[in-house]
Each structure stands twice: as C-alpha cells, then as structure tokens.
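# Structure at a glance
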Amino acid sequence: MNKSHNRYIITGGPGSGKSTLLNKLSEQGYQCFEEISRIVIQEQHQIGGDKVPWQNLSEFAEICYERMSYQLTKCKAEGKCFFDRGLPDIIAYVRRGGLTVPLKYFKKSDQYNKTVFLAPPWKEIFINDAERPESFEDAKEISVFLKNTYEELGFTVIELPKYSATERAQFITNYLATDNDL
C-alpha cells in the first residue's frame with residue numbers, strides 16, 4: 001500500500017480546534033503529529049528570535065517545511081496517521097503573506113492522502129495566545145487561503161462540523177470507514 005494513503009491532514013485557521021481534535025484521535029490510538037508551526041513559534045519566543053510568521057515569514061516557512069518533511073518520515077506504514085497541518089498549509093500562509101512560494105513546497109504535497117479535513121473558523125471556541133496572535137477575522141481569511149490552496153492542489157476538502165472534539169473524531173473515523181477510495 002502506498003504510504004500516502006495513510007497520511008491525513010487536519011487543517012484550518014488558528015483557534016479552530018485542530019489540536020484538541022488531534023488529542024482525541026491520539027487517545028483513540030492513532031499516530032498523530034503535533035503542529036510544527038506552533039512549536040517553532042514557541043521556540044522563537046524562548047530565544048527572542050524573529051522567525052515567526054508576522055516578522056520573518058520566509059524563514060519561518062523554511063523551518064516549518066524542514067520539520068514537516070521530517071514528520072512525514074515518522075508515519076508508520078500500518079494504520080492511519082493524522083497531522084496537525086500539512087505542507088500545503090505553508091503554501092497557503094506564504095501566499096497570504098504575498099511572497100513567492102518555493103517550488104519544493106509543492107513537491108511533497110502528494111505524500112498525503114488526498115482527503116483533508118478542514119476545521120472551519122468557529123467564533124465560540126476561538127482564543128488568542130502567544131502563539132496565536134491573529135484575530136478571528138484573520139482566522140477566517142486564513143481558512144479561505146487554506147481551502148483554496150488544498151483544492152488547487154487536488155485535495156478533497158471535507159469541512160468538519162462544529163461538534164465537540166470527541167464528535168469530530170468520530171466524524172473523521174466514520175468518514176474514513178465509509179470512504180471507498182482509500
């Protein structure tokens with residue numbers, strides 16, 4: 001079996017419940033990979049660095065690309081893997097920032113399953129923190145960039161319902177159990 005068939009992305013703007021959902025999927029025994037961009041932002045804050053999306057988007061994107069590429073190698077061949085954001089997210093963020101997207105960012109996008117789950121903007125759960133300074137309006141705009149980028153790259157975008165994390169996890173597992181294209 002092609003390994004990409006087991007690699008699923010959960011994407012969405014900031015504060016849409018992705019990380020909480022990944023935690024639920026992890027609790028169910030799935031191999032899950034945390035959001036690299038959040039880790040990089042935390043690291044940059046700790047060292048007083050500027051490689052964050054609102055100061056140095058190109059360098060931030062490059063670090064995320066390298067680490068997300070490495071994450072892909074850690075997905076086990078058996079079972080499903082879920083990623084809190086995928087490489088196409090970097091493309092969307094770089095485009096939103098008005099920068100030219102390096103061609104290499106496109107080359108590994110085919111290493112994921114073509115079904116991607118989008119957590120839509122959700123005002124009731126949206127919060128800001130040190131790693132998520134964007135406004136809710138920004139989150140909505142980012143979500144549009146993400147959806148458009150994934151669709152342009154040939155992914156089928158499945159919008160997650162605004163359910164609890166447990167119900168969202170069940171929605172995904174039910175969807176994947178009935179999807180005959182896998």
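Worth saying up front: this structure is predicted, and the values here are computed from it rather than measured.

The next thing to look at is helix α6 (residues 136–152). Given a rise of 1.5 Å per residue, 17 residues ought to cover 24 Å, and the 24 Å separating the end C-alpha atoms of α6 matches this to within 8%. Among all positions in α6, only F136, A139, I142, S143, L146, T149 and Y150 are buried. For α6, the angular spread of buried residues about the axis comes to 135°, placing them on one side. More than 90 degrees from the buried face of α6, the exposed residues found are E137 and E152. Those residues of α6 that are buried lie in contact with β1 (7–12), α4 (87–96), β4 (115–119) and β5 (156–159).

Attention now goes to the state of the cysteines. Taken as a whole and assessed by the stated rule, the structure comprises one disulfide. Two residues, C75 and C81, share a disulfide whose sulfurs are 2.1 Å apart. Looking down the S-S bond of the C75 and C81 bridge, the torsion is 95°, so its handedness is right-handed. According to the relative accessible area criterion, C75 is buried, its value standing at 2%.

With that out of the way, let us pick up the environment of K147. Within the secondary structure, K147 sits in helix α6. Setting aside residues no more than four positions away along its own chain, K147 makes contact with L118 and V157.

Calculation rules
Residues numbered from 1 in each chain as written. Predicted model: local features only at pLDDT ≥ 70, side-chain atom pairs only at ≥ 80, totals over all residues. Heavy atoms only, no water. Helix = DSSP H or I, 4+ residues; strand = E, 2+ residues; numbered from the N terminus. Expected span 1.5 Å × (residues − 1). Buried < 20%, exposed > 50% of the residue type's maximum accessible area, 1.4 Å probe, protein only. Arc of directions from axis to C-beta. Contact = heavy atoms within 4.5 Å. Disulfide = S-S within 2.5 Å.

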